[in-house]
Amino acid sequence: MAAHSLPKTPVTLLGLGAMGTALARTWLAAGHPLTVWNRTAARAEPLAAEGAAVAATAAEAVAASPLVVVCLLDDASVEAALDTAVLTGKDVVNLTTTTPSQARARAAWAEARGARYLDGGIMAVPPTIGVPEAGGYVFYSGDQALFDTHAPALAVPAATRYVGTDPGHAALHDVALLSAMYGMFAGTAHAFALIREEDVAPAALAPLLTEWLTAMAAPHIAQTADRLTSGDYTTNVVSNLGMQTAGTPTFLTTAADQGVSPELLTPYFALMRRRLAEGDPKEDLTGVVDLLLR
Ligand code: NDP
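Figured I'd write up the structure that's included with this text. Keep in mind that what you see is a predicted model, and the values were worked out from it rather than measured.

Calculation notes
- In every chain, residue numbers begin from 1 and rise along the written sequence.
- Local features in a predicted model are, by the rule used here, given only for residues with pLDDT of at least 70; side-chain atom pairs are given and counted only at 80 or more, and totals for whole chains, interfaces and linings are based on all residues.
- Excluded from the side-chain calculations are hydrogens and water; all other atoms, namely the structure's heavy atoms, are used.
- For each residue, the test is whether any non-hydrogen atom lies within 4 Å of the molecule or strand; if one does, the residue is near.
- By the criterion applied in these results, polar contacts are pairs of N or O atoms within 3.5 Å in which, for protein atoms, one can donate a hydrogen and the other can accept it, and in which residues neighboring in sequence qualify only through two side-chain atoms.
- Each accessible area value is a Shrake-Rupley result obtained with a 1.4 Å probe; residue values ignore everything except the protein chains displayed when judging cover.
- Counting from the N terminus, the helices are DSSP H or I runs at least four residues long and the strands are E runs at least two residues long.
- Between any two strands, at least two bridges found by DSSP are needed for them to pair.
- Working definition: rings of Phe, Tyr and Trp (its six-membered ring) pair if their centres are within 6.5 Å, and the pair is stacked with planes under 30 degrees apart, edge-to-face with planes over 60 apart, and tilted otherwise.
- Between buried and exposed lies partly exposed: a residue is buried under 20% and exposed over 50% of the maximum accessible area for its type, with that area taken using a 1.4 Å probe on protein chains only.
- We call a charge positioned above a ring when the Lys NZ or Arg CZ atom is no farther than 6 Å from the ring centre and deviates by at most 35 degrees from the ring normal.
- Working rule for contacts: check all heavy atoms of both residues, and any pair within 4.5 Å makes them a contact.
- For helices, the fitted axis covers only the stretch in contact; all axes are lines through C-alpha atoms, and the angles between them, taken along N-to-C directions, range from 0 to 180 degrees.
- Just so you know how the angles are binned, under 35 degrees is roughly parallel, over 145 roughly antiparallel, 65 to 115 roughly perpendicular, and the rest oblique.
- Crossing handedness follows the turn of the near helix against the far one: under a right angle anticlockwise gives a left-handed crossing, and clockwise gives a right-handed one.
- Here the nonpolar group is Ala, Val, Leu, Ile, Met, Phe, Trp, Tyr, Cys and Pro; Asp, Glu, Lys and Arg are the charged ones; every other residue, Gly included, is treated as polar.

## Observations concerning the site of the ligand
Taken together, 20 residues lie around the ligand, and Met19, Asn38, Thr40, Arg43 and Thr97 are the ones closest in. At 3.4 Å from an oxygen atom of the ligand is found a main-chain nitrogen or oxygen belonging to leucine 16. A distance of 2.9 Å separates an oxygen atom of the ligand from a polar atom in the backbone of methionine 19. When the ligand is considered free in solution it has 900 Å² of accessible area, and contact with the protein chains removes 75% of it. For the shell around the ligand, the leading source of residues is helix α1 (residues 18-29), giving three residues.

Take a look at the structure:
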């Protein structure tokens, strides 16, 4: 039998919110037998019309397939949904966003009930699910044999990135990337506020911001990783901590002059000053990472 005509793994999906519905459609389109369950049954109706089997209870849905994917609101809803399901022999893939410690506890909980467990962190939004060129993907961590067994089915909605056997590491990567994103959002909010009352169009600033952040991100991130690895924060530093800290009043005074709150900038500047007081002015900004760990 040719590989493309092998029967597709049956999939059960618990959760038909915005994300679950997007995931469901990709498995249906790829020819996987799909059983779905949602707390509010009406949300399953369109998928039933598209070929999904609709289970009346989560336990019934779990019983229907070897591979059980969960995409619910939070960890509490996962526990509520799986409470009465028989998990023995099941491969549970939990794509619900949680903390790393919740993911580890959920893995132990599922394994104690006889399941293999893989956790996932979705780095995509519903419209990019099933659209490979959009670049979305899912971090996975936990049971490697489960991942290897189901890699083809898991790759249907979005690309996969397996980040190790610790079931908390998918959530850890997810939260790390999103935390960095919020820092970037904070910076762009401040930048737009600075020009808001001036004769500078937001649309004129936008491409400049994008170009600048894109140019700064890769070298800054790579250099920080190199320095954290080597422990050398001072060799070949181009913009040192002493100079950059001396420059911070320029940013704070400009904010004040523009009538803009400095509240998004001051926490980072405070860390720079503390590092300068305790460290070496010839360092770059990597020492801030160490300060955050205290
Ligand atoms: P929605 O709010 O659209 O859907 C939430 C889902 O959880 C619904 O199926 C809802 O059921 C169910 N649910 C909530 N509480 C319970 C409960 N106590 N018991 C059983 N089911 C419950 O969320 P999304 O689909 O957008 O998100 C799902 C997961 O995917 C989240 O963890 C989210 O962080 C993650 N994610 C979402 C992204 C997005 O852009 N949407 C991006 C990346 C990750 P009901 O219909 O009955 O209310």
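## Notes on the environment of valine 86
Relative to the assigned elements, valine 86 resides in the loop between α4 (75-82) and β5 (91-94). A sequence separation of twelve residues divides valine 86 from aspartate 74, and the C-alpha atoms of the two residues are 20 Å apart.

## Structural notes on the sheet that holds strand β1 (residues 11-14)
Note: strands within a sheet are paired through backbone hydrogen bonds, in either parallel or antiparallel orientation. Sheet architecture is open: eight strands sit in the order β3-β2-β1-β4-β5-β6-β7-β8, paired in mixed fashion. Looking at the sheet topology across the chains shown, the edges are occupied by β3 (53-54) and β8 (159-162). Inspection of the sheet shows strand β7 (residues 137-142) paired to β8 by four bridges, in the parallel sense. Residue pairing across strands places valine 138 opposite threonine 160, the latter belonging to β8.

## Focus on the packing of aromatic side chains
On inspection of all chains with the given rule, the structure shows five aromatic pairs. Aromatic side chains tyrosine 137 and phenylalanine 139 sit 5.0 Å apart centroid to centroid with 85° between the ring planes, which places their arrangement in the edge-to-face category. Note on accessibility: tyrosine 137 and phenylalanine 139 belong to one class, buried. Site record: aromatic cluster; members linked through ring pairs are Tyr140, Phe147 and Tyr162. The ring centre of tryptophan 109 lies 4.6 Å from the NZ or CZ of arginine 106, which sits over that ring. We note arginine 161 situated over the ring of tyrosine 137; from NZ or CZ to the ring centre the distance is 3.8 Å.

## As for the environment of glycine 17
Within the element layout of this structure, glycine 17 appears in the loop between β1 and α1. Accessibility expressed as a relative area gives 22% for glycine 17, which makes it partly exposed. Through-space distance from the C-alpha of glycine 17 to that of threonine 253 is 46 Å; in sequence the pair is 236 residues apart. Setting aside anything within four residues of it in sequence, one finds glycine 17 in contact with Asn38 and Arg43.

## What about the packing of helix α10 (residues 248-258) against helix α11 (residues 266-278)?
Close contact between α10 and α11 brings their axes to 11 Å; oriented N to C, the two are set at 155°. Judged by the inter-axis angle, α10 sits roughly antiparallel to α11. In this structure, the crossing between α10 and α11 has a hand that is left-handed. Taken together, the residues of α11 that come into contact with α10 (itself represented by Thr248, Phe251 and Leu252) are Thr266, Phe269 and Met272. Taken together, the residues of the contact of α10 with α11 break down into four nonpolar, two polar and no charged.

## Examining the pairing of strand β6 (residues 116-123)
Where burial is concerned, most of β6 is hidden: seven out of the eight residues are buried. Pairing analysis gives four bridges linking β5 to β6, with the strands arranged parallel. Paired with valine 93 across the strands is leucine 118, a residue of β6. Pairing analysis gives six bridges linking β6 to β7, with the strands arranged antiparallel. When the bridges of β7 are listed, isoleucine 122 appears paired with valine 138.

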